[in-house]
Amino acid sequence: MFAEGLRRTVGLSLFAALAALVLGTALATMRVSPVPPLRWLGTAYVETVRNTPLTVVFFFVVFVLPQVDVVFSYFTFAVVALSIYHAALVCEAVRSGVNGVDAGQAEAARALGLTFSQCLRLIVLPQAVRNVIQPLGSVISALIRNSSIAAAFGVQELTGVVQRLTTANPDSVIAVLLGGVVGYLILTLALAGLLTLTERRLAGAR
């Protein structure tokens, strides 16, 4: 049961992290765009979602979306909720990286005739991502831990398994809880190691 819960947590975190990275990067692009409506829309999204509790986001996705005929499995709903919430955090991490890139880089790109989108995609974003590997890692690590909320919405991931086992085995609560803690440690420490390796390779590529 622990192995199955861990596998489901990995799948949930992986899908949500990929979606959050894509959406968050798009939002960061909107927030640094020279087009005011895009900046306003990106800012409104980030400020609204970032200041809303994740549990409320889950309630909205799980109970409101079906009211407008958007129906998925609870697993998919959990992926959507985690993606929506953490995309705002990814956006701020990427935007800080964009702001940390030397302005001369963008000016040189424009002098060569590159458009804003080309400058951002080819020059600025690659440098920005290298600068925010650890902040992005912190966001994904938080996402892994926050995936535990999905247990309250019908997803039998690691925390859901812990809840079932503690209910069925009240005499072994400490052992079950320790098993859950070890599971999350395995995931977060593996992520930290992967990020460290990635950062070293990117540093060597420079």
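Further up the page is the structure itself.
What this report covers is the structure whose coordinates are included nearby. (Residues numbered from 1 in each chain as written. Predicted model: local features only at pLDDT ≥ 70, side-chain atom pairs only at ≥ 80, totals over all residues. Heavy atoms only, no water.)

### What to know about the nonpolar core
Counting 50 residues, the largest nonpolar core has Phe 58 and Val 94 as the members making the most contacts within it. Of all the elements in the fold, those that place two or more residues in this core are α1 (2–31), α2 (36–50), α3 (54–64), α4 (74–100), α6 (116–131), α7 (133–146) and α9 (173–205). In terms of residue count, α4 provides more of this core than any other element does, 13 residues in total. Aside from chain neighbours lying at most four places away, what touches Phe 58 is Ala 78, Ala 81, Leu 82, Ile 149, Ala 150 and Phe 153. (Core = buried A, V, L, I, M, F, W, Y, C linked by side-chain atoms within 4.5 Å. Buried < 20%, exposed > 50% of the residue type's maximum accessible area, 1.4 Å probe, protein only. Helix = DSSP H or I, 4+ residues; strand = E, 2+ residues; numbered from the N terminus. Contact = heavy atoms within 4.5 Å.)

### Points about the side chain of His 86
With respect to the helices and strands, His 86 occurs in helix α4. Polar side-chain contacts of His 86 include one of 2.9 Å to the backbone oxygen of Leu 82. A polar atom in the side chain of His 86 sits 3.1 Å from the side chain of Asn 146. Look past the residues within four positions of His 86 in its chain and what remains in contact with it is Ala 20, Leu 54, Val 139, Ala 142, Leu 143 and Asn 146. (Polar contact = N/O pair within 3.5 Å; in protein donor to acceptor, adjacent residues only side chain to side chain.)

### A look at α7
Counted at 1.5 Å a residue, the expected span for α7 with its 14 residues is 20 Å, and the 20 Å between its end C-alpha atoms agrees. If you check which residues of α7 are buried, you get Ile 133, Leu 136, Gly 137, Val 139, Ile 140, Ser 141, Ala 142, Leu 143 and Ile 144. (Expected span 1.5 Å × (residues − 1).)

### A word on the layout of surface pockets
Put simply, the largest pocket is a space of about 220 Å³. For the largest pocket, the full set of lining residues is Thr 9, Val 10, Ser 13, Leu 14, Ala 17, Leu 18, Leu 21, Ile 140, Ile 144, Leu 187 and Leu 191. With seven residues, α1 is the single largest residue contributor to the lining of the largest pocket. Across the lining of the largest pocket, the residue classes tally to nine nonpolar, two polar and no charged. (1 Å grid on protein atoms, 1.4 Å probe; cavity = no way out; pocket = protein on both sides within 12 Å on 5 of 7 lines; lining within 4 Å. Points joined across faces, edges and corners; volume = space filled by probe spheres on them. Nonpolar A, V, L, I, M, F, W, Y, C, P; charged D, E, K, R; others polar.)

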